[in-house]
Amino acid sequence: MNDEKYCLGCGVKLQDENVLSEGYTTSLDKDYCQRCFRIKNYGEYQVVTKSNDEYIEILKSVGETKDLVLYITDLLNLEEDLKRIRDIIPNKMILVLNKKDVLPKSVKDEKIIEYFNKYDNEFSKVVVISSEKNYNIDYLLKQIKLYQTTNNVYVVGHTNAGKSTLINKLLRNYSTSDRELTISPLPSTTLNTVKIEINEYLTLIDTPGLLDSGSIVNYINDDDFKKINPKKEIKPKTFQVKKGQSIIVDKFFRIDYVEGEKNSFTFYVSNNLKVRRISSKHDDLKDLQKRTYEMGYNEDLCVNGLGFIKMVNKGTVNIYLDSRVSTYKRDNLI
Ligand SMILES: Nc1nc2c(ncn2[C@@H]2O[C@H](COP(=O)(O)OP(=O)(O)OP(=O)(O)O)[C@@H](O)[C@H]2O)c(=O)[nH]1
Ligand SMILES: [Mg+2]
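Residues numbered from 1 in each chain as written. Chains lettered and ligands numbered in written order. Predicted model: local features only at pLDDT ≥ 70, side-chain atom pairs only at ≥ 80, totals over all residues.

A few words now on the site of ligand 1. Of all residues adjacent to ligand 1, which total 23 residues, the nearest are Gly162, Ser164, Ile183, Thr190 and Gly209. If you tally residues by element for the shell around ligand 1, the top one is helix 5 (residues 163–174), at three residues. (Near = placed C-beta within 6 Å. Helix = DSSP H or I, 4+ residues; strand = E, 2+ residues; numbered from the N terminus.)

This is the structure in structure tokens:
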């Protein structure tokens, strides 16, 4: 068939035969699939489960081009190993740190960029932006122009990082087209590559995001998801802690300060989450899986999908958390 048509919102192949399969539309005259139509107009979301293998094939094909790649990531939920993507995509790459608006305004971009440069990163450039708040988008476009090798520039990254939101913003700012990619707060919105011509020199190619099986978003219901997903600037919550003290983050995790000097823990999580100190004698959340971390000076403990805790001094902590959610430590990001 040479009349194959793809959804302008998520890239899936359109079909009008099976309501239950991907890409269904009531008529092939339409440009969007029913799922995109519903997300856009009613905020109704239909979960699509795909395996990462399919996405990795897409990323591999990106790696076979010589085109510039934008790697988008969510600043609050940075991947443990950002460099892993280089195994699949060796292309020239700009690291785009998105959702700056959720971090406190007092955090300076230079500080964040310095953090990445310290590790001799393999990115041509590191740029901090907020797609939603239109922050630094002009600067990003300048960098794209500087590094692009052809008209095509790929946009890759984990699911929910904000890839489609960024492309929509570039479309609004720099083109006259009224096209719009589908975006949603839940994972796996974009289902296939989608080409978007911004102008005669630049075509962006949106891709479906990689799923992260260690993220808490896979294991909570929609209401909890709304709760943990920060929409506004985070107000960090700082606690001075001594050994033997415990802090609980809503119903999601518990941290016990087991051993060490007086310490300061600052929680960077959604403002909707209740963070409170409890007596260590209480067993709240102790039924969750326990992990022990030896924290060094100035390290963060990151909880995948939820945020991170900035710690200042050396000490031993136990964290109690859903066993499927990954955690890791790193040098203080901010
Ligand atoms: N606070 C904030 N939220 C953002 C920003 N950019 C995107 N989002 C939100 O993040 C969620 C995911 O955005 P998408 O653009 O659908 O993400 P994606 O990377 O295309 O996701 P997939 O298509 O599933 O791979 C949506 O709820 C967006 O509104 C930003 O700069 N700040
Ligand atoms: Mg998308």
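Structure shown, so let's carry the discussion forward.
Accessible area lost when the parts come together is the quantity often used to give the size of an interface. If you check the domain split of the protein chain, you get domain 1 (47–212) and domain 2 (237–331). The interface is formed by four residues belonging to domain 1 together with five residues belonging to domain 2. (Domains from an automatic or database assignment. Contact = placed C-beta atoms within 7 Å.)

Ordered in space as 11-8-9-15-12, the five strands form an open sheet in which the pairing is antiparallel. The outermost strands of the open sheet, each flanked by one partner alone, are strand 11 (275–279) and strand 12 (289–295). Going from strand to strand, the sheet's axes swing by 25 degrees on average, the running direction of each strand aside. Direction of pairing for strand 9 (residues 253–260) relative to strand 15 (residues 315–321): antiparallel, over a ladder of six bridges. Bridging from a neighbouring strand, Gly260 pairs with Gly315 of strand 15. (Pairing = 2+ DSSP bridges. Axes fitted to C-alpha atoms, helices over the stretch in contact; angles between N-to-C directions.)

Moving on, we come to the environment of Thr189. Position of Thr189 among the secondary structure elements: in the loop between helix 5 and strand 5 (194–199). When the C-alpha atoms of Thr189 and Pro104 are compared, they prove to be 28 Å apart, with 85 residues separating the residues in sequence.

In this section: the sheet that holds strand 7 (residues 237–241). Here five strands make up an open sheet; going across it, the order is 7-10-14-13-16 and the pairing antiparallel. Pairing within the sheet leaves two strands with one partner each, and these edge strands are strand 7 and strand 16 (327–331). Recorded for the sheet is a direction-independent mean angle of 20 degrees between the axes of neighbouring strands. Bridging between strand 7 and strand 10 (residues 263–268) involves five bridges; their strand directions are antiparallel.

Attention now goes to helix 1 (residues 34–42). Within helix 1, the full set of buried residues consists of Arg35, Cys36 and Ile39. Take helix 1 and look down its axis: the buried residues cluster within an arc of 100 degrees, on one side only. Seen from the buried face of helix 1, the exposed residues on the opposite side, beyond 90 degrees, are Asn41 and Tyr42. Positioned one or two residues after helix 1, Gly43 has a phi angle of 65 degrees, which is positive. (Buried ≥ 20, exposed ≤ 12 C-beta atoms within 10 Å, placed from the backbone. Arc of directions from axis to C-beta.)

In this section: unusual backbone geometry. The backbone of Asp250 sits at a positive phi, close to 50 degrees, despite the residue not being glycine. By the secondary structure assignment, Asp250 is in the loop between strand 8 (245–249) and strand 9. Assessed through the 17 C-beta atoms surrounding it within 10 Å, Asp250 is described here as partly exposed.

By size, the foremost hydrophobic cluster in this structure holds 64 residues, and its most contacted members are Val69, Leu70, Tyr71, Val96, Val155 and Phe253. Counting residues in hydrophobic clusters, the runner-up holds nine residues, among them Val12, Tyr32, Cys33 and Cys36. (Core = buried A, V, L, I, M, F, W, Y, C linked by C-beta atoms within 7 Å.)

Before going further, it helps to examine the environment of Glu233. By the element assignment, Glu233 lies in the loop between helix 6 (222–228) and strand 7. Overall, Glu233 belongs to the partly exposed group, with 15 C-beta atoms counted inside 10 Å. Separated by 134 residues in the primary sequence, Glu233 and Lys99 place their C-alpha atoms 9.7 Å from one another. The contacts of Glu233, once residues within four sequence positions are left out, are Asp101, Val102, Pro104 and Lys105.

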